Amino acid sequence: MTRGKYETRLAPELWAYIDAVNTWYPPEIIGLPIDRQREVYDRMSRAFHQGRPPGVTASDSLIAAAGRDIPIRRYQLAGKAAQAMVIYYHGGGFILGGLESHDDICAELCAGTGFDVLSVDYRLAPEHLHPAAFDDAVAAFEWAAATGLPLVLCGESAGGNLAAAVAQATRRHIRAAVGQVLIYPELGGDESAGSYVEHAEAPLLSVADIAFYRDVRSARRQLLDDPTFSPLRDTDFTGLPPTVIVTAQCDPLSSDGAAYRDRIVAAGGKAWWHEEPRLVHSFLRARSTVPAAAEAFARIVAAVGALGKGEWPY
């Protein structure tokens, strides 16, 4: 890829991360079959895995749902009774990723908050088109609600879409989430303005990539006004839990965060949006090598921790 206007806008250590990602998962891979894309993505995820912090244990199990079982992984901090549970929906454009690809992120979230973290291996497209992933995300919420712990919804990229859609679908549940934290989420915003235009060709995610993932997820048949597909297309933003949205400045999806914040606040709710300057989509994987990404992740962990305790961090 050509660095263009991002050559001097992004720090050298961030470029080192971007180049490393593109070595494993080059932009042209979008043209390969989905199973081949998954193999490469999984290898990249293993290469970036940071290990689990001491004291964090993980156990795998299944949630029984209608006609299917949903794999889950529950992270717990040894010797500590959790005050809350985080339901984590991984990224990957709805076609990539699973329990292994975001294992270290979930483990660090557990260690940093002391909360249990439930990672959800929702069904992927194109084998399972929308609303399969959404249905699995809701089923995981129902399972977590039965634990009796306060729930914080969390997800990044595609997982941020699922977290927001679940928050909207379950807002009147007897055990509705006490908060949600969305990390550079894809929410179905206006692609003719804002970051979609300014950062249409940003490193690691372009508007063409977004369109590709959306088309695979729906086989090009989806009505975009469905709020379970595009949470920003909902007509009612009342009753949502306190919401923190963290986006990257050099990411076409950043404007979705601002728009979602504005809708919730206009409806009388609590929402805070922060655009991390000079960072790109997927910066969570850079948290060990890029100081700005490490600081952003620390803010995310702190926000999850505060919301899980019933506190508003901003």
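It should be noted that the structure appears before, not after, this text.
Only a predicted model underlies this, so the values are computations on that prediction, with no experimental measurement involved.

About the criteria used
Residues numbered from 1 in each chain as written. Predicted model: local features only at pLDDT ≥ 70, side-chain atom pairs only at ≥ 80, totals over all residues. Heavy atoms only, no water. Core = buried A, V, L, I, M, F, W, Y, C linked by side-chain atoms within 4.5 Å. Buried < 20%, exposed > 50% of the residue type's maximum accessible area, 1.4 Å probe, protein only. Helix = DSSP H or I, 4+ residues; strand = E, 2+ residues; numbered from the N terminus. Expected span 1.5 Å × (residues − 1). Arc of directions from axis to C-beta. Contact = heavy atoms within 4.5 Å. Axes fitted to C-alpha atoms, helices over the stretch in contact; angles between N-to-C directions. Parallel < 35°, antiparallel > 145°, perpendicular 65-115°, else oblique. Left-handed = near helix turned anticlockwise from the far one by under 90°. Nonpolar A, V, L, I, M, F, W, Y, C, P; charged D, E, K, R; others polar. Salt bridge = Lys/Arg side-chain N within 4 Å of Asp/Glu carboxyl O.

Judged by nonpolar contacts, the single largest core of 61 residues is most densely connected at Val181, Phe283 and Leu284. Residue contributions to this core peak at eight residues, all from helix H9 (residues 291–308). Core analysis: the next-biggest nonpolar cluster, separate from the first, contains 40 residues, Leu118, Ala167, Ile245 and Ala271 among them.

What follows is about the environment of Asn22. Position of Asn22 relative to the elements: it lies in helix H1 (residues 12–24). Classification of Asn22 as buried rests on a relative accessible area of 16%. C-alpha separation for the pair Asn22 and Pro203, spaced 181 residues apart in sequence, amounts to 9.4 Å.

On to H1. Here H1 spans 19 Å end to end across 13 residues, near enough to the 18 Å set by a 1.5 Å rise per residue. Those residues of H1 lying buried are Leu14, Trp15, Tyr17, Ile18, Val21 and Asn22. For H1, the buried positions fall inside an angular range of 155 degrees around the axis, keeping them on one side. Residues of H1 that are exposed and point more than 90 degrees away from the buried face comprise Pro12 and Thr23. Taken together, the buried residues of H1 touch helix H2 (34–48) and strand E8 (271–280).

Let us look at the packing of helix H3 (residues 103–113) against H9. For the pair H3 and H9, the least separation of the axes is 9 Å and the interaxial angle reads 60 degrees. Considering their axes alone, H3 and H9 lie oblique with respect to each other. At the point where H3 passes H9, the crossing takes the right-handed sense. Counted together, Ile105, Glu108, Leu109, Gly112 and Thr113 of H3 and Phe297, Val301, Val304 and Gly305 of H9 form the full contact between these two elements. Its residues placed into classes, the contact of H3 with H9 shows five nonpolar, three polar and one charged.

Turning next to the pattern of salt bridges. Considering all chains together, one arrives at 20 salt bridges under this definition. Ionic pairing is found between Arg3 and Asp19, a salt bridge with its closest N-O pair at 2.9 Å. Here Asp19 lies in helix H1 and Arg3 lies in the segment before H1, a separation of 16 residues in the sequence. Residue class for Asp19 comes out partly exposed when judged on its relative accessible area of 33%. Arg287 serves as the salt-bridge partner of Asp104, at 2.9 Å between the closest nitrogen and oxygen. With Asp104 in helix H3 and Arg287 in the loop between E8 and H9, the pair connects residues that are 183 residues apart, well separated along the chain. Here the salt bridges share partners, and the residues they tie into one network are Arg52, Asp60, Arg73, Glu100 and Asp103.

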